[in-house]
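Letter by letter, the chains look like this.
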Amino acid sequence: MVDTGSGRIDAMRIAGGEVELDTGSGGIVVDDVEALMLRIDTGSGGVRVRGARSEDVEVDTGSGGVEVEVLSGLRRLLVDTGSGSVTLRVPSDFGADIDLETGSGRIDVDLPMEVRTARRDVLRGTIGDGSGTISVDTGSGGIRILGGG
């Protein structure tokens, strides 16, 4: 676990069962992480995760954009931000039940999906076999899910 009251966290080439990164104020950048669970929390600051191999990813930020690229192993992805856009890149063959909600902003999913609920601020449906879970909630900002991570 890395925990700081304020300041940016840069974490590269990490492996472990449970990886936790927490800062009260400052951005978090993660490159090349392999973990059963990746948990990131920031009170204020953007989050960027590239090259993750993890079953369970949680990102919580009070204010700041979020970018997450998961290469393999993903079963559950949870993102909650009070203010900021969210971009997720998942493997093209990833299957999940998705629940996306924004107070203001667009929602775009660049993968084939079966839609259950589609409104300006909410999108719920199933990608692929629906075996995983993606849940995103942002108070203000767009949400985008891309294949090919």
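Provided above is the structure to which this section pertains.
Now for a look at the structure at hand.

## Digging into the side chain of Thr102
- The residue Thr102 is located in strand S8 (residues 96-102) in this model.
- Using a relative accessible area of 2% as the deciding quantity, one classes Thr102 as buried.
- Of the polar contacts made by the side chain of Thr102, one reaches the backbone oxygen of Gly141; its length is 2.6 Å.
- Every residue in contact with Thr102, bar those within four places of it in the chain, is listed here: Ile107, Arg120, Asp121, Thr138, Ser140, Gly141 and Ile143.

## Quick notes on the pairing of strand S7 (residues 86-90)
- Alternating residues of S7 divide into Val86, Leu88 and Val90, all buried, and Thr87 and Arg89, none buried.
- Of the pairings in the sheet, the one linking strand S5 (residues 66-72) to S7 comprises four bridges and is parallel in character. Bridge pairing in S7 places Val66 opposite Val86.
- Sheet analysis places S7 next to strand S13 (residues 143-147), joined by five bridges and oriented parallel. Bridge pairing in S13 places Leu88 opposite Ile145.

## A short note on the nonpolar core
- By size, the foremost hydrophobic cluster in this structure holds 36 residues, and its most contacted members are Ile40, Val68, Leu88, Leu100 and Ile134.
- When residues in this core are grouped by element, the largest group, six residues, is from strand S3 (residues 28-42).
- Leave out the neighbours within four places in its chain, and Leu100 touches Ile107, Val109, Asp121, Val122, Leu123, Ile134, Val136, Ile143 and Ile145.

Reading the values: rules and limits
Residues numbered from 1 in each chain as written. Predicted model: local features only at pLDDT ≥ 70, side-chain atom pairs only at ≥ 80, totals over all residues. Heavy atoms only, no water. Helix = DSSP H or I, 4+ residues; strand = E, 2+ residues; numbered from the N terminus. Buried < 20%, exposed > 50% of the residue type's maximum accessible area, 1.4 Å probe, protein only. Polar contact = N/O pair within 3.5 Å; in protein donor to acceptor, adjacent residues only side chain to side chain. Contact = heavy atoms within 4.5 Å. Pairing = 2+ DSSP bridges. Core = buried A, V, L, I, M, F, W, Y, C linked by side-chain atoms within 4.5 Å.

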